[in-house]
Amino acid sequence: MRPQPKQRTLSFGLLLVGLFAVTNALSQPTNFLQDPLARALQRQDVFVGRTRRADVDVRTLLEVVHNAPADMPVKIAVISGLPSQARAFGTRDAYTHALHSWLKLGRGLLIIETKHGISASSSALSGTQIRDVLRQHLSELQTDPTQGLKDVVEALIQTAEATSTASSQTTTAGSQAPVFGETGMPVRRSPSPIVAGIVFAIFGIFALLVIFMAIAGQIASAVNRNRIKTAIKYRLERLHRQIVENISYADNYLDLLPASAAAQAAKEARQRAAELDAQAVQLLRTSRNPQDYGRAEALLQEALQQVQLCRQQIDIATGGTGVAMAVEGTDYRVTPANAPSKAAPLSAPELPDEIPPEERAVCFFCSRPARISDLTPITIAIDGKRRKVLACAEDVRIVQQGAIPQIRTVSVGGKAVPWYAAPNYDPYRDYYAPTVTYAPVYASSDGFFEGFLLGSLLSPPASLPYPIFVDPVEVATPVQMVEPIFPDTTFTDSGLSDTGSVDFNSNGGIDTGSMDFGSGSDISADTGGVDFGGDTGGADFGGDSGSSDFGGGDF
């Protein structure tokens with residue numbers, strides 16, 4: 001007996017409903033029920049943690065949310081670090097994407113800014129579009145978070161509207177919906193006894209339930225396998241890139257450090273880290289057995305510990321200043337850890353008219369005018385950056401005597417700045433100024449170079465009329481430039497196509513429970529990295545001390 005059309009439709013509908021329910025249940029994380037940020041964003045559109053309330057204007061953010069289009073609502077969170085529940089997602093992007101889905105925002109926009117970076121998610125935008133907008137406003141987000149967030153929201157909404165308009169125009173121009181009319185043909189019905197129909201329906205539903213359970217089991221297994229595999233690959237890629245980035249940072253120093261126990265320990269740790277990383281990469285590239293991932297991760301974790309040790313020893317070798325230098329082509333090397341700071345005496349330079357314009361140059365340290373052929377290259381590493389500068393004979397002699405040359409300073413607006421940062425200072429005219437002051441190339445107790453990043457000493461704010469550098473500034477290899485272990489992943493989580501972010505420092509990662517903003521990064525200690533803070537909840541969530549972002553009188 002053949003089933004009637006209504007019976008077949010009912011059975012197929014039950015199967016689709018069941019499959020949708022299982023798939024939807026598998027895709028919804030359960031830990032958001034205990035996530036304080038998720039609960040807060042359920043009740044309100046703007047949440048600013050207690051430790052960030054001095055950084056942003058809440059009223060302005062509320063106006064931004066209020067002015068958002070009805071079809072693209074906005075929710076904003078400004079916190080120091082993510083809650084401990086975010087560790088399960090591995091990255092800030094993954095956490096933002098999952099929270100966006102859990103909040104059922106759809107085309108709506110979710111923005112989460114921490115002290116380490118910012119992530120955003122919306123189904124109306126691609127991850128590439130979001131990252132492009134965030135990168136355009138990165139500087140503003142760090143200097144003026146309120147205005148930066150306002151501009152980011154407006155730019156993302158404009159991008160979404162432009163994308164939607166372009167899509168609608170393409171659809172209208174490319175196709176027209178067909179029109180169907182009724183055929184007028186009568187529907188044939190096969191008469192069947194009522195009892196036989198009921199029996200057939202019962203057996204049909206039972207068979208469909210069996211098939212449904214089998215399919216649901218396969219879907220659940222496949223989803224879990226892919227999710228676990230993707231998370232492991234992403235974690236291994238991040239570990240590898242952190243190791244390579246830190247090795248590159250160390251290589252900017254190791255050949256400039258004077259002989260010492262710390263310098264030797266740094267070199268040995270760097271070499272060991274490189275060997276362990278190479279072993280892990282080779283293992284992962286030659287084997288696709290997931291069981292080998294655990295062994296490779298153990299090697300990467302040990303390599304990460306070695307690069308941490310290497311950087312610690314470099315800090316010891318440089319006296320905590322991050323400064324080292326060496327005279328080109330010699331064995332003369334100094335750091336503030338084992339050398340005093342000394343200024344070159346004023347000397348009688350050649351008269352400017354006696355130096356042809358094409359041969360004019362200036363000493364990087366004391367600004368003494370000289371022929372470029374009379375200056376000697378000195379390689380300097382400062383704050384992880386490295387560059388060769390030109391030095392006069394007096395400053396070269398200071399290095400040879402085991403001291404650190406000081407930099408001549410000029411007063412601009414009542415503050416001492418390096419001579420080459422003073423727009424009105426010309427060494428060929430002002431070298432013999434009545435008042436001459438000097439300062440170390442590293443931060444001093446009197447606040448010298450206040451407002452400057454230490455590494456900016458190697459990057460003058462404007463071009464100079466006379467050469468003082470030999471080559472471009474060298475920095476550690478950016479994480480984006482490291483060759484990926486898994487070419488198919490290209491260091492991108494394919495499940496986050498509608499989520500993008502930028503980091504406020506070079507380390508990236510998941511910023512769970514951390515209040516640091518600087519050299520520390522955001523990976524949790526329980527994942528083997530150095531980026532998570534020592535506590536699990538951080539200063540943003542929980543606690544009863546009254547200084548956290550969540551808990552206490554807020555709820």
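Enquirer: Run through the pairing of strand β5 (residues 323-327), naming residues and quoting values.
Expert: For β5, the buried fraction is high: 5 of the 5 residues fall into the buried class. The side-chain alternation of β5 yields two buried faces, one formed by V323, M325 and V327 and the other by A324 and A326. Bridge count between β5 and strand β10 (residues 376-382): 5 bridges; the pairing is antiparallel. Residue pairing across strands places A326 opposite T379, the latter belonging to β10.

Enquirer: Before we move on, can you summarise the confidence of the model for the protein chain with the specific residues and values?
Expert: Here the protein chain averages 74 in pLDDT, and 66% of its residues register 70 or above. Mean pLDDT across the secondary structure elements of the protein chain bottoms out at helix α1 (residues 5-27), with 47, and peaks at strand β2 (residues 74-78), with 96. Predicted confidence for residues 174-191 stays below pLDDT 50, and this span has 1 contact to residues more than four positions away or in other chains. Note on residues 490-495: pLDDT is under 50 here. Beyond four places in sequence and across chains, it has 9 contacts.

Enquirer: Give a description of the side chain of R52 that names residues and reports values.
Expert: Summarising the element assignment, R52 is placed in the loop between β1 (46-48) and α3 (58-66). The buried category is assigned to R52, whose relative accessible area is 4%. Here the side chain of R52 touches I79 through a polar contact of 2.8 Å, landing on its backbone oxygen. Polar side-chain contacts of R52 include one of 3.0 Å to the side chain of E113.

Enquirer: Give me helix α9 (residues 261-286): which residues, what numbers.
Expert: When the terminal C-alpha atoms of α9 are compared, their 38 Å separation across 26 residues agrees well with the 38 Å that a helix rising 1.5 Å per residue should span. Within α9, the full set of buried residues consists of A262, A263, A266, A269, R270, A273, L276, D277, A280, V281, L283 and L284.

Enquirer: An account of the sheet that holds strand β6 (residues 333-334) is requested, with residue identities and associated values reported.
Expert: In spatial order, the strands read β6-β5-β10-β11; together these 4 strands make up an open sheet with antiparallel pairing. The sheet is open, and its two borders are formed by β6 and β11 (385-391), each paired with just one other strand.

Enquirer: Account for the environment of A339, naming residues and giving values.
Expert: Residue position: A339 is located in the loop between β6 and β7 (341-342). As a C-alpha pair, A339 and G402 span 63 residues in sequence and 5.7 Å in three-dimensional space.

Enquirer: Before we move on, can you summarise the packing of aromatic side chains with the specific residues and values?
Expert: The tally for this structure, following the rule as stated, stands at 7 aromatic pairs. A ring pair is formed by F32 and W102, whose centres lie 5.4 Å apart and whose planes are at 35 degrees; its orientation type is tilted. Here the residue F32 occupies a position in the loop between α1 and α2 (36-43), and W102 occupies one in helix α4 (residues 92-102), the gap between them amounting to 70 residues. F32 gets classed as buried once you look at its relative accessible area, which sits at 0%.

Enquirer: So, the nonpolar core: which residues are in play, and what are the values?
Expert: With 39 residues, the main nonpolar core has M325, F364, F365, I378, I380 and W419 as its most contacted residues. Elements with a minimum of two residues in this core: β5, β8 (360-362), β10, β11, α11 (393-400) and β13 (407-412). Counting residues in hydrophobic clusters, the runner-up holds 28 residues, among them I111, L125, A155 and A160.

Enquirer: I'd like a rundown of the packing of α2 against α4, residues and numbers included.
Expert: Interaxial distance between α2 and α4 falls to 11 Å at its minimum, and their mutual angle equals 40 degrees. Classified by the interaxial angle, the pair formed by α2 and α4 is oblique. α4 is crossed by α2, and the crossing has right-handed handedness. Across the interface between the two elements, L37, A38, L41 and Q42 of α2 pack against Y95, L99 and W102 of α4.

Enquirer: Explain the pattern of salt bridges residue by residue, including any values.
Expert: The final tally for this structure, using the stated rule, is 15 salt bridges. We note a salt bridge from D45 to K75, for which the minimum N-O separation is 2.9 Å. Taken together, the residues D45 in the loop between α2 and β1 and K75 in strand β2 connect sequence positions 30 residues apart. Owing to a relative accessible area of 10%, K75 belongs among the buried residues under this scheme. In this structure, R52 engages D55 in a salt bridge whose closest nitrogen and oxygen atoms are separated by 2.7 Å. One salt-bridge network, held together by shared partners, links R52, D55 and E113.

The rules behind the values
- Residues numbered from 1 in each chain as written.
- Predicted model: local features only at pLDDT ≥ 70, side-chain atom pairs only at ≥ 80, totals over all residues.
- Heavy atoms only, no water.
- Buried < 20%, exposed > 50% of the residue type's maximum accessible area, 1.4 Å probe, protein only.
- Helix = DSSP H or I, 4+ residues; strand = E, 2+ residues; numbered from the N terminus.
- Pairing = 2+ DSSP bridges.
- pLDDT = per-residue confidence, 0-100.
- Contact = heavy atoms within 4.5 Å.
- Polar contact = N/O pair within 3.5 Å; in protein donor to acceptor, adjacent residues only side chain to side chain.
- Expected span 1.5 Å × (residues − 1).
- Phe/Tyr/Trp six-rings, centres within 6.5 Å; stacked < 30°, edge-to-face > 60°.
- Core = buried A, V, L, I, M, F, W, Y, C linked by side-chain atoms within 4.5 Å.
- Axes fitted to C-alpha atoms, helices over the stretch in contact; angles between N-to-C directions.
- Parallel < 35°, antiparallel > 145°, perpendicular 65-115°, else oblique.
- Left-handed = near helix turned anticlockwise from the far one by under 90°.
- Salt bridge = Lys/Arg side-chain N within 4 Å of Asp/Glu carboxyl O.

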